Every structure is written in structure tokens, then in C-alpha cells.
Amino acid sequence: MESEKIKVFLVEDEIVIREGIKKNISWQKEGFVFAGEASDGELAYPLIQAAKPDILITDIRMPFMDGLELSRLVKKELPDIKILVLSGYNEFEYAKEAINIGIAEYLLKPVTGAKLLEAVKKMAKTIEEERRQKQYLLAYQKEQAENGQLARRKLFGRLVSGQYPVSVLLEEGRELGLELAASRYNIVLFQVFTGEEAENYSDELNRILEEMEALAEQLQQVIMIDRGGLEGLAFLLKGTGDGSGSSLEELLPEFLKRLEQIMGRYPDAEYFGGVGVTAERLSELRVCFAKAGHAYAYRYLREHNQIVTEDIAQAPKAVDGELSLGGLNVKNLERNAVGRFLATGLEEEVPDFVEGYVQSLGAQNIQSLMFRQYIIMNAYITAAGAVEKLGYEPAVMVQECGDFKSMTDVFASEEQAVTYLKHVLASAIRLRDCASQKKYAKLLEDAQRYIRQNFQKEDISLNTVAASVNLSPNHFSTIFSQETGRTFVEYLTYVRMEKAKELLRNTNRKTSDIAFEAGYRDAHYFSYLFKKTQACTPREYRMKSAPKQAGGAAL
């Protein structure tokens with residue numbers, strides 16, 4: 001983390017003094033950049049705005065605009081600047097005013113070049129330390145971005161649950177840097193299909209997500225939540241009615257258009273989105289989310305590359321075209337729709353999927369006993385086949401849902417048929433998720449081994465570790481935190497700090513060497529992070545961990 005050179009600007013009305021300061025100090029040799037000069041504050045101010053120096057040296061007594069007035073203006077424009085005031089007047093009021101403004105140094109004339117340089121170097125040391133702290137904080141915040149994603153995901157779950165007070169939700173949003181207050185709201189649920197399995201690693205998907213995140217930040221009235229893996233994305237749209245931003249009626253179509261433009265740049269990828277209904281209050285987002293979820297569930301029944309509302313989604317249009325009893329291609333439609341849903345659908349989506357599925361086949365068709373028998377048995381066979389592919393014995397579905405001999409009652413009415421259909425699909429998804437957890441246990445073991453073997457590498461990241469186990473970064477992040485109780489960054493930091501503590505306890509190596517061994521190329525940042533996570537400096541930890549001398553007092 002190498003810092004750029006510190007820039008110095010000089011304001012002095014006496015030309016002899018100004019030239020002396022400018023020429024008698026070897027600014028470049030001393031590691032500074034002489035960024036400019038002026039004879040009074042009025043001339044200096046626009047030059048300072050352009051040059052943005054780190055240190056301002058200014059006289060107090062100058063024509064047109066004195067040093068204190070200039071300092072006040074500059075501090076408002078550049079709050080981090082360090083100001084050194086030169087004065088020939090040893091008056092307490094000047095010194096007191098200088099302190100109030102936030103001036104770093106106050107030297108009385110005449111001042112030698114050596115004394116001035118000493119003061120400037122002292123300020124430079126403070127500036128460099130402040131820069132390092134900012135760099136460390138930015139690096140730490142970047143590493144903690146994963147925690148922010150998980151926090152957003154949890155907040156979104158609370159927002160749409162309808163179980164939390166609005167005041168609590170608003171405060172949680174502010175803690176994450178999100179302003180949730182608005183006059184109207186809507187939710188768009190969105191999923192991208194890249195040809196890979198939804199959980200698998202895809203460089204193309206990562207690029208798409210980066211573009212969508214940038215779009216949400218640009219629009220400002222849109223908050224993007226990556227729900228992870230199979231659930232896709234959620235966008236919370238906030239409309240205003242006070243003229244400070246776009247109304248929801250303007251924002252929604254513009255946002256959807258921009259989403260489609262992004263997807264248009266990736267012709268090999270497909271997408272599907274579901275739009276909710278307008279909510280007038282934050283507390284009504286539960287209903288908005290439910291409506292969006294209902295439309296979103298049609299991604300298994302309708303053609304991709306469209307974003308639909310609930311009303312449009314319910315129209316009886318299916319992947320294989322307009323549906324009627326006479327022209328129904330039952331085999332293709334049902335097996336495709338049910339199979340796709342069982343592969344990536346969620347258990348909570350079963351009711352919406354079944355409702356849409358039945359409607360897509362024609363609401364009147366379910367009234368036929370023969371048709372009810374066909375679609376239920378077909379769904380059962382599809383589910384049983386999907387479960388067997390996961391390694392289960394055929395008897396598992398019989399145990400969960402019964403066999404054909406005991407199915408007579410489930411065909412008796414529309415309602416019973418739909419209820420049983422939901423039961424079959426939910427059972428198959430639960431079995432799929434159980435198998436996934438076992439698979440993920442092995443994947444997480446591999447991921448943790450990869451981290452332990454590669455934690456010293458500077459380029460190790462969530463993306464590289466996810467790719468090593470062939471999972472998408474977002475899906476990996478979700479399951480890693482769920483299964484281990486730590487985010488990826490927390491686990492990586494834990495592994496690195498354990499290595500650092502081992503070296504501190506058992507060797508006399510320098511902190512900079514230990515930092516490098518632990519995976520940190522900057523020793524200062526390592527020390528900063530060590531203290532933040534271990535509540536003490538590396539040196540303090542080494543002293544506490546040192547073996548007690550023989551004969552020492554017992555504790």
C-alpha cells in the first residue's frame with residue numbers, strides 16, 4: 001500500500017520569505033511535491049481547489065484575504081488538509097482562532113528552514129498514518145463485503161415476512177447504508193440461466209451480476225439483493241412522490257428496460273422475472289413479494305426471456321404454445337415443466353407452481369377424472385425418477401407418498417388431486433435438498449482444505465475458492481455460511497490469524513515476515529487486522545504467549 005507523495009502549497013505575501021521557503025528547502029529530495037504558491041488568500045483559494053494539496057503553509061497577515069479566512073474556506077472544501085500558519089504576531093487570539101479552525105501547526109516568524117521542515121515532516125507523518133488507516137479500513141470493508149450481502153439477504157427476508165416493526169426495519173437498513181423509506185414500493189424477482197446448473201460456477205453469470213449491481217447503484221432507488229443459488233435476485237424498487245426522484249410508475253418500466261438491455265448483451269444467457277404489485281407502505285411488502293413470487297414461479301411453465309406480472313403469468317400460455325384439450329402435448333409439457341421445477345424449484349414455491357401448472361393445462365381439464373389421473377401419475381413417476389437419480393431407492397417415494405394401489409382417494413376431486421400433487425412435489429424437493437446437503441458437506445470439506453492450502457496466496461478470494469469446487473460464488477457463499485456458521489472471509493481470516501498466532505508463539509520472526517507467511521503483503525494492514533480480530537497487537541500477543549520463566553511466581 002504505497003502512498004503517493006504529499007503535496008505542499010504555500011501562501012505568503014512577502015515575496016522574499018515566499019521565495020526563501022520555496023527554494024531553500026529541497027522539497028522533492030525530502031519526499032514532497034511543491035504544488036503551488038500565491039501571494040494572498042484570494043488568489044490562493046481557486047489554485048488550492050484545483051491542486052488539492054495535503055499541507056497548506058500560510059501567513060496570517062495578508063491583503064485581500066488573510067490566512068485565517070483562507071483556512072476556514074479550505075477546511076470546508078478539504079477537511080483532511082493540514083494547515084501550518086506563520087505569524088509575526090505573538091497574540092493569543094490568533095492562536096485560539098487557529099485552534100478553533102483546526103489548524104495543525106502555528107509557528108512564529110522568523111522561522112528557520114530547518115524548523116519549518118521539521119513541522120512539515122511532523123504533519124506528513126500524521127497524513128501518512130491517516131492514509132494507511134483509510135486504506136486498511138477500505139481493504140477491510142472490501143473483505144467484509146460478503147458479510148454485507150448476507151446481511152442484505154436477512155434484511156430482505158424480514159422485510160417480506162410482515163413480522164417486524166417498520167421502525168426496526170428502517171434502522172436495520174440504515175445500519176447497512178440502505179435508506180428504505182419511500183412513498184411506494186415494488187419487488188422484481190429475477191433469475192438468469194446461463195446453461196450451467198444454477199449452483200455451478202459461471203464466469204458469464206458473474207459478469208451479468210456485476211452489471212446489474214452497477215445498474216442498481218446508478219439508479220439509487222433500486223436495492224439489489226442476491227438471494228443466493230436457486231432463489232435468484234430480488235430488486236426492491238422505491239418510488240418517491242416529493243419530486244426528489246422518479247415515481248414508481250416511471251421507475252419500474254425504465255428499470256425493466258435496462259435489465260433487458262443488460263441481458264441483450266449476453267445472447268447465450270436467458271432470464272425470467274416476476275413483478276409484484278405496488279405497495280403503499282413498507283409493512284405491505286409481504287403481499288407485494290407474494291404476488292411477485294406467484295409470477296416468478298411461472299419460469300418453469302412459460303418461455304424464458306420475459307418479465308411478467310401475475311395477471312400476465314396466469315394467462316393460459318405454456319412453453320409448447322397455446323393449450324387446449326384437443327391439441328395438448330401432455331407428455332412433453334408435463335415432463336418438461338415438472339422436471340425443471342424439481343431440479344431447481346424451492347419447497348415454498350410448490351403452491352404457486354402447482355396453481356400455475358394446472359392453469360397452463362387449461363382450468364377445465366382438471367375437472368376430468370381421467371386427466372387428473374394422468375397428470376398425478378405422470379408427476380409421481382417424474383418425481384420418483386428424479387429422486388432415484390439422486391441415489392435414493394425406489395421405495396423412498398412410496399414411503400413418502402404411497403403407491404398407486406392407495407391412490408384412489410386422491411383422484412376423487414379437483415381439490416384432493418391438487419393437494420396430493422403438491423405433496424408429491426414437496427416430498428421430492430425435500431429429498432433433493434437432503435441429498436444436496438450431503439453433497440455440500442463433501443464440497444465444503446474440499447473448500448476448507450483448499451483455503452488451508454492456499455491462504456498464503458494474495459489472490460485467494462471467494463471466486464477462486466468457489467471455482468475450485470465448481471459452485472457459483474453466490475451459492476457457495478450462502479451454503480458456506482449456513483453450514484459453517486462463518487462467512488468465507490471470516491473463515492479465511494481465522495485460518496490466517498491462527499497461522500500468525502502459531503508463528504508468534506513459537507518463533508522470534510519479525511512481524512513483517514509473519515504477515516507474509518499468513519497471506520498479508522502489507523505488514524501494517526496485518527497488524528491493523530490482527531488487533532481488530534484478536535483485541536491486541538501482534539507484539540502484545542507474543543508477550544502474553546511467551547513461556548513463563550523458571551522460578552516465576554505461580555498464578
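Figured I'd write up the structure that's included with this text. (Residues numbered from 1 in each chain as written. Predicted model: local features only at pLDDT ≥ 70, side-chain atom pairs only at ≥ 80, totals over all residues. Heavy atoms only, no water.)

1. Quick look at the overall build of the chain
Each helix and strand counted, the chain has 22 helices and 12 strands in total. Within the chain, the fraction of its 555 residues that count as buried is 47%. Excluding contacts between residues fewer than 6 apart, the proportion of contacts in the chain whose partners are at least 24 apart in sequence is 68%. Of the roughly 28,300 Å² that the chain leaves accessible, carbon and sulfur atoms contribute 50%. (Helix = DSSP H or I, 4+ residues; strand = E, 2+ residues; numbered from the N terminus. Buried < 20%, exposed > 50% of the residue type's maximum accessible area, 1.4 Å probe, protein only. Contact = heavy atoms within 4.5 Å. Areas by Shrake-Rupley, 256 points an atom, 1.4 Å probe, with all protein chains shown as cover.)

2. What about the sheet that holds strand β2 (residues 32-38)?
Pairing within the open sheet is parallel, and its five strands lie in the order β2-β1-β3-β4-β5. Each end of this open sheet is capped by a strand with a single partner; those strands are β2 and β5 (105-108). The sheet shows a mean angle of 20° between the axes of neighbouring strands, direction not considered. Here five bridges tie strand β3 (residues 55-59) to strand β4 (residues 82-87), and the two strands are oriented parallel to one another. Counterpart to Thr-58 in the pairing with β4 is Val-85. Sheet strands in contact with helix α1 (residues 15-24) are β1 (6-11), β2 and β4, and its direction is about 165° off that of β2. (Pairing = 2+ DSSP bridges. Axes fitted to C-alpha atoms, helices over the stretch in contact; angles between N-to-C directions.)

3. Regarding the pattern of salt bridges
This model, assessed by the stated rule, comprises 23 salt bridges. Across the pair Asp-54 and Arg-131 runs a salt bridge whose closest N-O atoms are separated by 3.1 Å. One end of the pair, Asp-54, is in the loop between α2 (41-51) and β3; the other, Arg-131, is in helix α5 (residues 113-143), and 77 residues separate them in sequence. Taken as a pair, Asp-54 and Arg-131 share a single burial class, namely buried. In this structure, Arg-281 engages Glu-284 in a salt bridge whose closest nitrogen and oxygen atoms are separated by 4.0 Å. Among the residues examined, Arg-281 registers a relative accessible area of 55% and is labelled exposed. A single salt-bridge network, built from bridges that share partners, covers Lys-442, Glu-445, Asp-446 and Arg-449. (Salt bridge = Lys/Arg side-chain N within 4 Å of Asp/Glu carboxyl O.)

4. Regarding the packing of aromatic side chains
Counted by the stated rule, this structure contains 18 aromatic pairs. With a centroid separation of 4.2 Å and an interplanar angle of 5°, the aromatic rings of Phe-341 and Phe-353 are classed as stacked. Of the two residues, Phe-341 sits in helix α12 (residues 330-344) while Phe-353 sits in helix α13 (residues 350-360), which places them 12 residues apart along the sequence. The two residues Phe-341 and Phe-353 agree in class, both being buried. One aromatic cluster is present, built from ring pairs that chain together Tyr-520, Tyr-525, Phe-526, Tyr-528, Phe-530 and Tyr-541. (Phe/Tyr/Trp six-rings, centres within 6.5 Å; stacked < 30°, edge-to-face > 60°.)

5. Digging into the sheet that holds strand β9 (residues 270-275)
What the five strands build is an open sheet, ordered β7-β8-β6-β9-β10; its pairing is mixed. Whereas interior strands pair on both sides, the edge strands pair on one side only; in this sheet they are β7 (222-226) and β10 (306-309). Each strand of the sheet is rotated relative to its neighbour by a mean of 20°, with strand direction disregarded. Sheet topology places β7 next to strand β8 (residues 233-239); five bridges connect them, and they run antiparallel. In the sheet register, Met-224 faces β8, and the bridge partner there is Phe-235. The sheet strands contacting helix α8 (residues 203-219) are β6 (184-193), β7 and β8, and the helix crosses β7 at an angle near 150°. Of the strands in this sheet, β6, β7, β8, β9 and β10 are in contact with helix α9 (residues 248-264), which crosses β6 at around 10°.

6. What about the nonpolar core?
Counting residues in hydrophobic clusters, the biggest one holds 41 residues, and the most contacted among them are Phe-353, Tyr-357, Met-397 and Leu-425. Mapped onto this core, the elements with two or more residues apiece are α12, α13, α14 (369-389), α15 (395-401) and α16 (414-454). The greatest single-element share of this core, amounting to 10 residues, is contributed by α16. With 28 residues, the next largest nonpolar core counts Phe-190, Leu-215, Met-224 and Val-275 among its residues. (Core = buried A, V, L, I, M, F, W, Y, C linked by side-chain atoms within 4.5 Å.)

7. Here we look at unusual backbone geometry
Across the chain, the bulk of peptide bonds are trans and the bulk of non-glycine residues have phi less than zero. Of note in this structure, Phe-64 is not a glycine but carries a positive phi near 70°. Turning to its location among the elements, Phe-64 is positioned in the loop between β3 and α3 (67-77). The backbone of Ala-535 sits at a positive phi, close to 65°, despite the residue not being glycine. Along the chain, Ala-535 falls in the loop between α21 (523-534) and α22 (538-545). Among the residues examined, Ala-535 registers a relative accessible area of 69% and is labelled exposed.

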